[in-house]
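# Analysis of the macromolecular model
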Number of protein chains: 2
Amino acid sequence: MKQITGGVTAAKGFEAAGAEAGIKYTGRADMALVYSRVPCRVAGTFTTNVVKAAPVLWDKDIVENSPYAQAAVVNAGIANACTGKQGMDYCREEAKKAAELLKIPETAVLLGSTGVIGKQLPMDRICAGIEKLAAAKSDTLEAGTAASKAIMTTDTINKEIAVTFELDGKIVTVGGMSKGSGMIHPNMCTMLAYITTDAAISKELLQEALSASIVDTFNMISVDGDTSTNDTCLAFANGLAGNAEITEKGAAYEKFREALNFVNTYLARTMAGDGEGATALLETVVYNADTKQNARTLAKSVVCSSLTKAAIYGHDANWGRILCALGYSGVDFDPEKVTLYFESRAGKIKIYENGTETGYSEDEATRILSEPEVTVLADMKMGSETATAWGCDLTCDYVKINADYRS
Amino acid sequence: MKQITGGVTAAKGFEAAGAEAGIKYTGRADMALVYSRVPCRVAGTFTTNVVKAAPVLWDKDIVENSPYAQAAVVNAGIANACTGKQGMDYCREEAKKAAELLKIPETAVLLGSTGVIGKQLPMDRICAGIEKLAAAKSDTLEAGTAASKAIMTTDTINKEIAVTFELDGKIVTVGGMSKGSGMIHPNMCTMLAYITTDAAISKELLQEALSASIVDTFNMISVDGDTSTNDTCLAFANGLAGNAEITEKGAAYEKFREALNFVNTYLARTMAGDGEGATALLETVVYNADTKQNARTLAKSVVCSSLTKAAIYGHDANWGRILCALGYSGVDFDPEKVTLYFESRAGKIKIYENGTETGYSEDEATRILSEPEVTVLADMKMGSETATAWGCDLTCDYVKINADYRS
């Protein structure tokens, strides 16, 4: 497997576009299209929030009931969440418009929205936006990038990636894009992620691979502990790579999963580092835990701790907060056995062992914690399971962004 | 029942003191003593964090195994948490010193610490502080206030309260003090709370009343979602009111519970409003829920939501974040049935009903949200259970306080 330039248009047969629809923002694209020239197998994972946005309900229905899909239309600025029957009617209208222009069935059009909750979509501008998208769609890498920029809200960078690997002598590509910066605590996350691949794979295995992958990727990030109403991750597989269709688990399936995990890990990690107001990525690796689930719970508890996040912002080696966060995670362990380290490009330092601090140098710790990517390592000495979680520091800018998000 | 002036010295036979020990702070008291002239029944609830501070382990042992206790010695500045065997040895030394000076058994001395995790107590200063406390202790209201000020860390106001009620023709008093501003997400919380009463009540019922009370008081507040290593709530009952000892559930027990709940609710609510950096108290009342536990879970989810907290700071009626927080709480409900209101001294406004916003006035909502105490009301229309949770807004000052807490 190797990483290549590109995103959702890297795989064969996929086109994309971004367009300025003026839904909330001005002077930037705020609608995106992902389109496949041929019908795709589609898999999806969605927010577990009881309050689900209209496009989430729309997509869930298609993923569960349609054998194929062929396009995703996404807008930024308004989430189309808590919009009642009107919101669902607008989904149907939006899909109908895209279906007509793209000459595909309505049930092949998936929808995504992100932005303010509770406002209705301005359907005239949405429809005009879809016309622009249909006219502009292209299979160039630039078109993929344009789409990845159009779905940003408070994101400061666009997120896209692509990898290739070989199967049956054919080159298979998996690409993806995502957005998400606040209300990020996916279970699923306000993240939207779109994965495109030209692999030939059955719908069942595509869904299984996606569902398994998000557990250790998108579901292991947190910016603010708020699980959105709109979280959606969709994977489109159009089969144009020409490999023998993957219909059972085995070496080919594992290769596909590896590529999908790589793409999802990159997108998830980049979202965490680009958390609202963040100045640093906070990575936590818990290893030698007794079970995989406990490793995940422990790692996520650290990246969710407001106090740990504020300390990282201050480059302060306040390890007591990390141990405290492990302690209230709900996982049982012996604090005296745990060893804690900080690591970054600037070095690695052991800070806590045998129940007390190690007498480390505060200056060295501060130097390590002043990097843009910081890792906390926790050796639980209970078993052999590992998990990694990603978050970011908590800054005044996070507060400022969210004190008046709607204005 | 009526509220009176005072705190831990309001009940008969209780004395208190505050003293400058120079543990971390200068120019202010940082050690406190609560003392009863006669032995007390004692009950306690402690942090559920796996990582428990040394004084928590010390107190748990006494509460579970000693029939009586008579004093609590508390320091601010250092938490004596993650301090290994040395930390436990220091507890014993501290209790021994206090026992000698107060002429009571070592096992009658409870200990509390709050502050930085991971540092050892400076025992020379602690012992000198205990000497000052023993010399200064008094039953005046001023002495109670001095103790409540000495246990503050990042708190901006001291927290104390007292109430009286009649039992068997005798006046019974329940008083209390607490501290807590950050690392507040009690389960139990870095809160410390000390309740004193002259009621005569059996140890078993005192513990049962306390354990039941914290579920809807201290355990319903959150400043930052971080459950501390030191959370402790102790209740001392010395029997000097002269009522017939409460040894079974009935009218007398209910009167006592009502007074205890009133005191704990006041202390919990005041802690939430004085959360680190807070400019407003955020109260959430969930009513007509199907079960009491679901009502609690829903209410707490709202006060824990970083996005809701930031919106309150911005006086922004971003109700979508509230519905979102209810939605990811883990409780199942129909979002279309929920009605949401904002309320404060400035008025009450209905903002969401039948699945969409009500068309309320943003100006009026902003006016209501600009008060120092703001209430969110959620009518779930599923049953008849109610719960209230308290938190605060999320501000830049919270980040500033915690980015360099140790320096």
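The residue numbering used here restarts from 1 in each chain and proceeds along that chain's sequence as written. Written order decides the labels, with chains lettered from A and ligands numbered from 1. Given that the model is predicted, a residue must reach a pLDDT of at least 70 before its local features are reported, and side-chain atom pairs must reach 80 or more before they are shown or counted; all residues, however, enter totals for whole chains, interfaces and linings. Hydrogens and water molecules were not included; the side-chain quantities draw on all heavy atoms of the structure.

### Looking at the confidence of the model for chain A
All names here are of chain A. For every residue, the pLDDT score states the predictor's confidence, bounded by 0 at the bottom and 100 at the top. Averaged over all residues, the pLDDT of chain A equals 89, while 95% of them reach at least 70. The helix and strand labels rest on DSSP assignments: H or I over at least four residues marks a helix, E over at least two residues marks a strand, and numbering proceeds from the N terminus. The spread of mean pLDDT over the elements of chain A runs between helix α11 (residues 396-403), the lowest at 81, and helix α3 (residues 123-136), the highest at 97. Reported for the predicted complex are a pTM of 0.75 and an ipTM of 0.70.

### A few points about the pairing of strand β12 (residues 347-353) of chain A
Residues and elements named next belong to chain A. Here strand β11 (residues 339-344) pairs with β12 via five bridges, running antiparallel. Looking at β12, one finds that Tyr 341 is bridged to Lys 350. As paired strands, β12 and strand β13 (residues 356-357) are joined by two bridges and run antiparallel to one another. Each bridged residue has a counterpart across the sheet, and for Tyr 352 the counterpart in β13 is Glu 357. Any two strands with at least two DSSP-identified bridges between them are counted as paired. Linking β12 back to β13 in an antiparallel pair, the connection comprises two residues, with Asn 354 at a positive phi of about 55°.

### Concerning the pattern of salt bridges
Every case where a carboxyl oxygen of Asp or Glu lies within 4 Å of a side-chain nitrogen of Lys or Arg is listed as a salt bridge. Within this structure, the stated rule accounts for 36 salt bridges over all chains. Across the salt bridge formed by Arg269(A) and Glu373(A), the nearest N and O atoms sit 3.2 Å from each other. Of this pair, Arg269(A) sits in helix α6 (residues 251-273) while Glu373(A) sits in strand β14 (residues 373-379), and the two are 104 residues apart along the sequence. Here the term buried applies to any residue with accessible area under 20% of the maximum for its type, exposed to any over 50%, and partly exposed to those in between, with areas from a 1.4 Å probe on protein chains only. A relative accessible area of 26% places Arg269(A) in the partly exposed class. The class of Glu373(A) is partly exposed, set by a relative accessible area of 41%. Lys119(B) is the partner of Glu357(A) in a salt bridge, and the nearest nitrogen-oxygen pair spans 3.7 Å. Highlighted residues: Glu357(A) in strand β13 and Lys119(B) in the loop between β5 (109-116) and α3 (123-136), drawn from two different chains. Among the residues examined, Lys119(B) registers a relative accessible area of 32% and is labelled partly exposed. Linked through salt bridges whose partners overlap, the residues forming this network are Glu15(A), Arg37(A), Lys137(A) and Asp139(A).

### Some details on the pairing of strand β9 (residues 232-237) of chain A
Within a regular strand, the side chains alternate between the two sheet faces. All names here are of chain A. Taken across its six residues, β9 has six buried, putting it largely inside the fold. Residue alternation in β9 divides its side chains into two sets, Thr 232, Leu 234 and Phe 236 and Cys 233, Ala 235 and Ala 237, and both sets are buried. Strand direction decides the pairing type here: strand β3 (residues 31-46) and β9, joined by six bridges, are antiparallel. Paired with Thr 45 across the bridge in β9 is Cys 233. Relative to β9, strand β8 (residues 192-197) runs parallel, the two being bridged by six bridges. Note on β9: the bridge partner recorded for Ala 193 is Cys 233.

### Some points on the interface of chain B and chain A
Residues count as neighbours in contact if any of their non-hydrogen atoms are within 4.5 Å of one another. Taken together, the 57 residues of chain B in the interface contact 57 residues of chain A. Accessible area that two parts lose when put together, evaluated with a 1.4 Å probe and summed over both, is termed the buried area. For the chain B and chain A pair, buried surface summed over both sides reaches about 4300 Å², with 61% attributable to carbon and sulfur atoms. Between the two partners, chain B and chain A, sit two salt bridges. Pairing of N or O atoms within 3.5 Å defines a polar contact, subject to two protein rules: one partner must be a possible hydrogen donor and the other a possible acceptor, and residues neighboring in sequence count only if both atoms are side-chain atoms. In this structure, the connection of chain B to chain A is made through one residue pair in polar contact (both at pLDDT 80 or more). Within the residue set of the side of chain B that touches chain A, elements represented by two or more residues are α8 (306-313), α9 (319-327), β13 (356-357) and α11 (396-403) of chain B. Gly is put with the polar residues, along with every residue not named as nonpolar or charged; the nonpolar set is Ala, Val, Leu, Ile, Met, Phe, Trp, Tyr, Cys and Pro, and the charged set is Asp, Glu, Lys and Arg. By residue class, the composition of the side of chain B that touches chain A is 25 nonpolar, 19 polar and 13 charged.

### Here we look at α3(B)
All names here are of chain B. Taking 1.5 Å of rise per residue, the 14 residues of α3 would be expected to cover 20 Å, and the 20 Å separating its terminal C-alpha atoms lies within 8% of that figure. Among the residues making up α3, those that are buried are Met 123, Ile 126, Cys 127, Gly 129, Ile 130, Leu 133 and Ala 134. In a view along the axis of α3, the buried residues occupy a sector of 160°, so they form one face of it. Residues of α3 that are exposed and point over 90 degrees away from its buried face: Asp 124 and Ala 135. Looking at the buried side of α3, the elements it contacts are β2 (14-19), β3 (31-46), β4 (69-78) and α2 (84-102). For a helix, the expected span equals 1.5 Å multiplied by the number of residues minus one. In this context, the arc is that of the directions from the helix axis out to the C-beta atoms.

### What about the side chain of Asp30(A)?
Residue and element names in this part refer to chain A. Mapped onto the elements, Asp 30 comes out in the loop between β2 (14-19) and β3. Counted as positive: Lys and Arg. Counted as negative: Asp and Glu. His and the chain ends are not counted at all. Buried charge without a partner: Asp 30 forms no salt bridge, and the closest opposite charge is Arg 28, 6.1 Å away. Within the structure, the side chain of Asp 30 is placed 2.7 Å from the backbone nitrogen of Ala 21, a separation counted as a polar contact. For Asp 30, the side chain forms a polar contact with the main-chain nitrogen of Gly 22, separated by 3.2 Å.

### Points about the packing of helix α5 (residues 203-216) of chain A against α6(A)
Residues and elements named next belong to chain A. Put simply, α5 and α6 touch, their axes get as near as 10 Å, and they point 45° apart. Taken together, the axes of α5 and α6 lie oblique to each other. You can see that α5 and α6 cross each other, and the crossing is right-handed. Residues Leu 205, Leu 206, Glu 208, Ala 209, Leu 210, Ala 212 and Ser 213 of α5 touch α6, and the partners they reach there are Tyr 253, Phe 256, Arg 257, Leu 260, Asn 261 and Asn 264. Each residue belonging to the contact of α5 with α6 can be placed in one class, and the counts come to eight nonpolar, three polar and two charged. The axes are straight lines fitted to the C-alpha atoms, using for helices just the contacting stretch, and the angles between their N-to-C directions are given from 0 to 180°. For classification purposes, angles smaller than 35 degrees are called roughly parallel, those larger than 145 roughly antiparallel, those between 65 and 115 roughly perpendicular, and all remaining angles oblique. Should the near helix be turned counterclockwise from the far one by less than a right angle, the crossing is left-handed, whereas a clockwise turn marks it as right-handed.

### Some thoughts on the sheet that holds β11(A)
Residues and elements named next belong to chain A. On the basis of which strands lie adjacent, the open sheet formed by six strands has the order β13-β12-β11-β14-β10-β15 and mixed pairing. Every other strand in the sheet has two partners, leaving β13 and β15 (385-392) as the edge strands with one partner each. In the packing of helix α10 (residues 362-369) onto the sheet, the strands contacted are β11, β12 and β14, and the crossing angle to β12 comes to about 125°.

### What to know about the sheet that holds strand β11 (residues 339-344) of chain B
Residue and element names in this part refer to chain B. Taken in spatial order, the six strands line up as β13-β12-β11-β14-β10-β15 in an open sheet, and their pairing is mixed. For this open sheet the edge positions go to β13 and β15 (385-392), each flanked by a neighbour on one side alone. Sheet topology places strand β10 (residues 281-289) next to β15; seven bridges connect them, and they run antiparallel. Residue Leu 281 lies in a different strand from β15, and its bridge partner there is Cys 392.

### Brief notes about the nonpolar core
Each nonpolar core is a collection of buried residues, namely Ala, Val, Leu, Ile, Met, Phe, Trp, Tyr and Cys, held together in the definition by side-chain atoms within 4.5 Å. The biggest cluster of nonpolar side chains holds 132 residues, and the ones touching the most others in it are Phe256(A), Leu340(A) and Phe236(B). Residue contributions to this core peak at nine residues, all from α6(A). Filtering out sequence-adjacent residues up to four positions away, Leu340(A) remains in contact with Trp319(A), Ile322(A), Leu323(A), Leu326(A), Ile349(A), Lys350(A), Ile351(A), Tyr352(A), Leu377(A) and Ala378(A).

### Some remarks on the relation of the copies chain B and chain A
A least-squares superposition brings the copies together, and it is based on the C-alpha atoms of residues with pLDDT no lower than 70 in both. Of the two same-sequence chains, chain B is brought onto chain A (RMSD 0.0 Å, axial shift 0.0 Å) by a rotation of 180°. Classification of the inter-copy transformation places it as that of a two-fold axis. Within chain B, the C-alpha atom positioned nearest to the axis of rotation is that of Cys396(B), 2.3 Å from it. Interface overlap between copies is the fraction of interface residues in one copy that are interface residues in the other; for chain B against chain A it reaches 100%, indicating a shared surface.

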